[in-house]
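Each chain, letter by letter, is given below.
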Amino acid sequence: MHIRYASIKVNPVIIFFFYFTNALKRESGSYMKNHFTNLLFLYIVFISSHCCFAQTSELSRISVKGNKFVTADGNVIIFRGLDASDPNKLAKEGHWNKEYFQEMKNWGANITRFPVHPVAWREQGKDSYIKLIDQGITWAKELGMYVIIDWHSIGNLCTEMYQSDMYETTQKETFEFWRTMAKQYKDNTTVAFFELFNEPTIYNGQLGQCSWTEWKGLMEETIGIIRAHGATTVPLVAGFNWAYDLKPVASDPINAEGIGYVSHPYPMKREKPWEKQWTEDWGFAAEKYPLILTEIGFCGPDDRGAHIPVISDESYGDAITKYCRDRGISYTVWVFDPNWSPMLFTDWKFTPTRQGKYFKNALKTK
Amino acid sequence: MHIRYASIKVNPVIIFFFYFTNALKRESGSYMKNHFTNLLFLYIVFISSHCCFAQTSELSRISVKGNKFVTADGNVIIFRGLDASDPNKLAKEGHWNKEYFQEMKNWGANITRFPVHPVAWREQGKDSYIKLIDQGITWAKELGMYVIIDWHSIGNLCTEMYQSDMYETTQKETFEFWRTMAKQYKDNTTVAFFELFNEPTIYNGQLGQCSWTEWKGLMEETIGIIRAHGATTVPLVAGFNWAYDLKPVASDPINAEGIGYVSHPYPMKREKPWEKQWTEDWGFAAEKYPLILTEIGFCGPDDRGAHIPVISDESYGDAITKYCRDRGISYTVWVFDPNWSPMLFTDWKFTPTRQGKYFKNALKTK
Amino acid sequence: MHIRYASIKVNPVIIFFFYFTNALKRESGSYMKNHFTNLLFLYIVFISSHCCFAQTSELSRISVKGNKFVTADGNVIIFRGLDASDPNKLAKEGHWNKEYFQEMKNWGANITRFPVHPVAWREQGKDSYIKLIDQGITWAKELGMYVIIDWHSIGNLCTEMYQSDMYETTQKETFEFWRTMAKQYKDNTTVAFFELFNEPTIYNGQLGQCSWTEWKGLMEETIGIIRAHGATTVPLVAGFNWAYDLKPVASDPINAEGIGYVSHPYPMKREKPWEKQWTEDWGFAAEKYPLILTEIGFCGPDDRGAHIPVISDESYGDAITKYCRDRGISYTVWVFDPNWSPMLFTDWKFTPTRQGKYFKNALKTK
């Protein structure tokens, strides 16, 4: 099975390197293989992150094969991306434009994520909001970046209670949102993923109860609605504890083929050392299903917007990127905005923050 | 068990003919009996469709006896009627008047159906809409026609997702609608039926899932609410596939006595020949429960408003009317309006369309 | 286990009497013991109902111990109180003031109950309504009276159908109300009780069905939400038949520790003699759980506002107060308002009605 990292358009150099690497794989031992593979990835990312011409052709349709995301030709693709802030928020501030997307591309992203807040969806109105998404998808496509559409609620969809007003939605509105997205984007290959519900949480019971069986049922209902519209876009499903915990997947996975799972393993979800706990809590799922961490990120304790559970340092960056690299897990970093935290840049010159510097480097080199 | 077709007021001629027929039945074989019975029916409908004086007495209360609808005296009554369009729509256009009802009567209807669209119910407001229904019931009663009140939604009441905006409702609104109807019309014998939900459908999954058990539960809840108000009006229950499919009734009928079942067997729901499939899909239920097809109809492929599943020709008319006649199944034809399709007339002089001509004749002669 | 009736601030005279009584208890037989105890209570209530100085210290936290409500020191407290009308209604009329609370205290109440009507909660708005509750709590505390916050809906929370418009709410709104109350009053010891839902009823099926299992689930969900916020305020749970019937508690109690049960045994819920039926319907629960009758009351058949089920006479007062006294059951009387019925006073000079005279005496002497 071939592996492609950031690059989307296959060019001869990349093809050569893949051929070369695979030849090496057949000959070399495990250590050497990994070493060369890593060097290769570095090179590929370097090339692809500098290929800035407008992409006019369609991106290759993403689907699921075993525990990997693959392109239409069956090659594995691992995503390294950046999370946009809400398109509606960016549009209001005058930053929902191609420059914003170009910058994400410049940082090394092969995917971006649009967090559609329910309150913004209602305030802006369906038709108007869809125009924003359409624009974003066009710019992303021109730059060869995939898109995740993310229904950005936080709370308990069972009781319809949420962490704060901006996340208020209903089961009906959630189903209708995905019905609309399925109709609108089923033939759009730039939209790789439908992330069904950002962060499910009962907030330690403050939002009432929701069993895994109930949650699973809601997700299966949503996937059914999407697929009944003929959309093959890959649904992404998260677990409880603010999308951290995927343990129930071990014994009771979502009853649907061709989906991916999500975790948001922010640094303070667990004490160091993280790796063993990550594997127990969500990493185990990567052995069987494709996994994408649609939110990772950190900031220092005194940084603007510092809050639980994101406070940490570069050691977190090293740990989570290595963990993903070793296991072929995709990720996108929260958040490409100068005001929401943990922010990746500080001003609209895109001056990187501490984590901005870290991940700008990480995306380009890993 | 005596059988009455269209006539509501019993007059001496009819009584004589019933006596005569029953005498014949005792003497003649099966073929002859049916032949004479059919002749009789022809004659009765002919008489009753010309009796145009104002009916001031109450209509006889309709109830269920075995697999038949019966009047208060226990005589079987089979309904042949015409579906009005939405009272609110007709009122806006200035056609919610006695002339409209007189015309339905002239065509041979002994029943009409008011399709109350949830969006119209909300827009017009409960009190104002009830006035429209009251007017319609009064006109119908004066003309000796029964009324079906039909909650005209199309979609999935389980997930509260619908085919289009005009059909949007909720479980709560549906329950409240019937609570209101039960209070308002429980003592009104002109209102023969409460058709609980026009066309249940999951739209091939686009509106999410709804099991028969869930649907059955919603219908039983609604029937319970109606009856708790002391209303004995007969509830009508439809099945999935836009009210076409009653198969689950065979093994898991609605847990309530004294109800009728509904099917809407439009021509394109199945390929010709229809009869065997109709029996398998819904006709079988007529052996055990009273059945009324509250929507049948057709139009040619090039007729205005032609759409799936109504395109056909007179052979459909022949098939469905014979099927009903042979089994004592009631029906009403969609739709007595010049704009909604398949329409029965083309202008407000009530000029019949192709199916208008067909069913105008059918109601008068069968 | 010590018993305290109305008094909240312990003063030396009371302490002496408790000591004296307990000495007596050790010596005397059952009859004598009860006789002396009752005399003692009379005296205590007499004292405490005249102690009108502002209470600046916190009231003792109420909790559940066995089948009793207890103060922080573990002493049993039995409540005798008066039900306020809706704070929003009183505020509009200019009577939401300390004088109103002082009068309740003068009548002998050691607790009052705020019936928050869902429609008033929405109309006034959350923040504004909370200010009213805050004021009421402050006045109550200054006078040494506890407070019950009561979500004053009547109907079926399962189907979300209600007795009339003023009681309209949803499961979600109910959960959110208690989420708000829990956050707001978890550290306020004057708020002794959260009465989760005033009067559950299916209105003989007119509001649809709700099984005890479903109702129990809704109550457990609500209790879970309250406690997840760290609130130890005692939840009160009522049963069906307008909060009269607690029979299902015998075999299937609410799965939560530290709660109280409620009944509203108005006189016409059962025929005389009441006592045996009361025990079967709800009184049995007092042997295992703390019980509070948050609505009792009566009026004569010709009194203003007379309606089923409240019409009776003083024999009801005698029966219900004796029943409670004999079993250590708490109660509050409906309603301290001159317009809602059965009213306790007739004008804003607080002139007692017939039941006003009865219960004014009852609270002071029993």
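Calculation notes
- Residues numbered from 1 in each chain as written.
- Chains lettered and ligands numbered in written order.
- Predicted model: local features only at pLDDT ≥ 70, side-chain atom pairs only at ≥ 80, totals over all residues.
- Heavy atoms only, no water.
- Helix = DSSP H or I, 4+ residues; strand = E, 2+ residues; numbered from the N terminus.
- Buried < 20%, exposed > 50% of the residue type's maximum accessible area, 1.4 Å probe, protein only.
- Contact = heavy atoms within 4.5 Å.
- Areas by Shrake-Rupley, 256 points an atom, 1.4 Å probe, with all protein chains shown as cover.
- Least-squares fit on C-alpha atoms with pLDDT ≥ 70 in both.
- Disulfide = S-S within 2.5 Å.
- Phe/Tyr/Trp six-rings, centres within 6.5 Å; stacked < 30°, edge-to-face > 60°.
- Lys NZ or Arg CZ within 6 Å of the ring centre and 35° of its normal.
- Pairing = 2+ DSSP bridges.
- Right-handed = clockwise from strand over helix to strand, strands pointing away.
- Axes fitted to C-alpha atoms, helices over the stretch in contact; angles between N-to-C directions.
- Parallel < 35°, antiparallel > 145°, perpendicular 65-115°, else oblique.
- Left-handed = near helix turned anticlockwise from the far one by under 90°.
- Nonpolar A, V, L, I, M, F, W, Y, C, P; charged D, E, K, R; others polar.
- Salt bridge = Lys/Arg side-chain N within 4 Å of Asp/Glu carboxyl O.
- Polar contact = N/O pair within 3.5 Å; in protein donor to acceptor, adjacent residues only side chain to side chain.
- Buried area = accessible area lost by both parts, 1.4 Å probe.
- pLDDT = per-residue confidence, 0-100.

(A) Just the overall build of chain A, in detail. When its secondary structure is counted, chain A shows 12 helices and 15 strands. Within chain A, the fraction of its 366 residues that count as buried is 58%. In chain A, 76% of the contacts between residues at least 6 apart in sequence involve partners at least 24 apart. Just so you have it, chain A exposes about 13,900 Å², and 54% of that area is on carbon and sulfur atoms.

(B) Seen up close, the relation of the copies chain A and chain C. Least-squares fitting of chain A to chain C yields an RMSD of 0.0 Å, with the transformation described by 0.0 Å of translation along the axis and a rotation of 120 degrees. The superposition of one copy onto the other is thereby described by a three-fold rotation axis. Within chain A, the C-alpha atom positioned nearest to the axis of rotation is that of A:T170, 7.5 Å from it.

(C) Here's a closer look at the state of the cysteines. A full pass over the atoms with the stated rule returns 3 disulfides over all chains. A sulfur-sulfur separation of 2.0 Å characterises the disulfide bridge that pairs A:C158 with A:C210. Highlighted residues: A:C158 in the loop between β8 (154-156) and β9 (161-162) and A:C210 in the loop between β11 (199-200) and α8 (212-228), separated in sequence by 52 residues. For B:C324, which is in no disulfide, the shortest distance to another cysteine sulfur is to B:C299 and amounts to 19 Å.

(D) Seen up close, the packing of aromatic side chains. Tallied over the full model, the rule gives 120 aromatic pairs over all chains. With a centroid separation of 5.9 Å and 90 degrees between ring planes, the pair formed by A:F101 and A:F114 is classed as edge-to-face. Pair noted here: A:F101 is in helix α4 (residues 98-107) and A:F114 is in strand β6 (residues 111-116), with a separation of 13 residues, a long-range link. With respect to burial, A:F101 and A:F114 carry one shared label: buried. Relative to C:F194, the ring of C:W178 has its centre 5.0 Å away and its plane inclined at 45 degrees; by these criteria the two rings are tilted. With C:W178 in helix α7 (residues 171-185) and C:F194 in strand β10 (residues 191-195), this pair connects stretches of sequence that are 16 residues apart. A relative accessible area of 0% places C:W178 in the buried class. Ring pairs connect the aromatic residues A:W96, A:Y100, A:F101, A:W107, A:F114, A:W139, A:F336, A:F345, A:W348 and A:F350, which therefore count as one cluster. Its end group placed over the ring of B:Y323, B:R327 keeps NZ or CZ at 3.6 Å from the ring centre.

(E) Structural view of the pairing of strand β15 (residues 330-336) of chain B. All names here are of chain B. Judged by how many residues are buried, β15 sits mostly within the fold: 7 of 7 residues are covered. Here 5 bridges tie strand β5 (residues 80-84) to β15, and the two strands are oriented parallel to one another. Considered in β15, the bridge of A84 is made with F336. With 3 bridges joining them, strand β14 (residues 291-296) and β15 adopt parallel strand pairing. From the neighbouring strand, L293 faces β15, where its bridge partner is Y331. In this fold, the crossover linking β14 to β15 by way of helix α11 (residues 314-327) has right-handed handedness.

(F) Representation of the packing of helix α6 (residues 126-142) of chain B against helix α7 (residues 171-185) of chain B. Residues and elements named next belong to chain B. Here α6 crosses α7 at 45 degrees, and the two axes come no closer than 12 Å. Accordingly, the angle class assigned to the pair α6 and α7 is oblique. Classified by chirality, the crossing of α7 by α6 is right-handed. Contacts between α6 and α7 involve K126, I130, I133, D134 and I137 on the former and, on the latter, T180, M181, Q184 and Y185. In terms of residue class, the contact of α6 with α7 is built from 5 nonpolar, 2 polar and 2 charged.

(G) Expanded view of the pattern of salt bridges. All names here are of chain A. As enumerated under the stated definition, the model contains 57 salt bridges over all chains in all. Of the charged contacts in the structure, one is a salt bridge between K247 and D281, with a shortest N-O distance of 3.4 Å. Of this pair, K247 sits in the loop between α9 (240-243) and β13 (260-262) while D281 is found in helix α10 (residues 275-281), placing the two residues 34 residues apart along the sequence. For K247, a relative accessible area of 42% puts it in the partly exposed group. By relative accessible area, D281 is classed as buried at 3%.

(H) Focus on unusual backbone geometry. Between B:S341 and the following residue, B:P342, the backbone shows a cis peptide bond with an omega angle of -5 degrees. Backbone geometry at A:F350 places phi at a positive 65 degrees, although glycine is not the residue there. With respect to the helices, strands and loops of the structure, A:F350 is situated in the loop between β15 (330-336) and α12 (354-365). A relative accessible area of 5% places A:F350 in the buried class. Not every positive phi belongs to a glycine, and C:E160 is a case in point at roughly 60 degrees. For C:E160, the location among the structural elements is in the loop between β8 (154-156) and β9 (161-162).

(I) Structural context of the side chain of A:T71. For A:T71, the position within the fold is in the loop between β3 (68-70) and β4 (76-77). Among the polar contacts listed, one links the side chain of A:T71 to the side chain of A:D73, at a separation of 2.3 Å.

(J) View of the pairing of strand β14 (residues 291-296) of chain A. All names here are of chain A. The element β14 is largely enclosed, with a buried count of 6 among its 6 residues. As paired elements, β13 and β14 share 2 bridges and run parallel to each other. When the bridges of β14 are listed, Y261 appears paired with L291. In this view, the connection linking β13 to its parallel neighbour β14 by way of α10 has right-handed handedness.

(K) Spatial organisation of the interface of chain A and chain C. Taken together, the 12 residues of chain A in the interface contact 9 residues of chain C. With both chains or domains summed, chain A and chain C bury close to 820 Å², and 51% of this area falls on carbon and sulfur atoms. For chain A, the biggest contributors to the area lost against chain C are A:T159, A:M161 and A:Q206; these three give 56% of the whole. Our count for the chain A to chain C interface comes out at 1 salt bridge. For C:K172, the salt bridge identified is with A:E168, shortest N-O distance 2.7 Å. Along the contact surface separating chain A from chain C lie 6 residue pairs in polar contact (both at pLDDT 80 or more). Class assignment for the residues of the side of chain A that touches chain C results in 3 nonpolar, 7 polar and 2 charged.

(L) Just the sheet that holds strand β9 (residues 161-162) of chain B, in detail. Residue and element names in this part refer to chain B. Pairing is mixed across the open sheet formed by 3 strands, whose spatial order is β9-β8-β11. The sheet is open, and its two edges are formed by β9 and β11 (199-200), each paired on a single side. When strand β8 (residues 154-156) meets β9, the two strands line up antiparallel, connected through 2 bridges. Looking at β9, one finds that G155 is bridged to Y162.

(M) The interface of chain B and chain C, seen in detail. If you look at the interface, chain B gives 9 residues, while chain C gives 12 residues. Summed over both sides, the interface between chain B and chain C buries roughly 810 Å², with carbon and sulfur atoms accounting for 51% of that surface. It is B:K172, B:R179 and B:E221 in chain B that bury the most area against chain C; as a group they hold 52% of the surface buried on that side. The tally of links between chain B and chain C comes to 1 salt bridge. Linking chain B with chain C are 6 residue pairs in polar contact (both at pLDDT 80 or more), by the criterion used here. Of all the elements in the fold, those that place two or more residues in the side of chain B that touches chain C are α7 and α8 (212-228) of chain B. A per-class count over the side of chain B that touches chain C returns 3 nonpolar, 2 polar and 4 charged.

(N) Up close: the confidence of the model for chain A. Residue and element names in this part refer to chain A. Taken residue by residue, chain A gives an average pLDDT of 89. The fraction at 70 or more is 84%. Segment residues 1-53 is flagged for pLDDT under 50; beyond a separation of four residues in sequence, or across chains, it makes 71 contacts in the model. For this predicted complex, the interface confidence comes out at an ipTM of 0.85, alongside a pTM of 0.87.

(O) Geometry of the sheet that holds β13(A). Residue and element names in this part refer to chain A. Strand order in the closed barrel formed by 8 strands is β5-β6-β7-β10-β12-β13-β14-β15, with parallel pairing between adjacent strands. Each adjacent strand pair in this sheet contributes to an overall mean axis angle of 25 degrees, direction not counted. As judged from the 3 bridges shared by strand β12 (residues 234-238) and β13, these two strands associate in the parallel manner. Bridge pairing in β13 links A238 to V262. In this fold helix α7 (residues 171-185) packs onto β6, β7 (146-151) and β10 (191-195), with an angle of close to 160 degrees to the strand it touches most, β7. Taken strand by strand, helix α11 (residues 314-327) contacts β5 (80-84), β14 and β15, and its axis lies near 165 degrees from that of β14.

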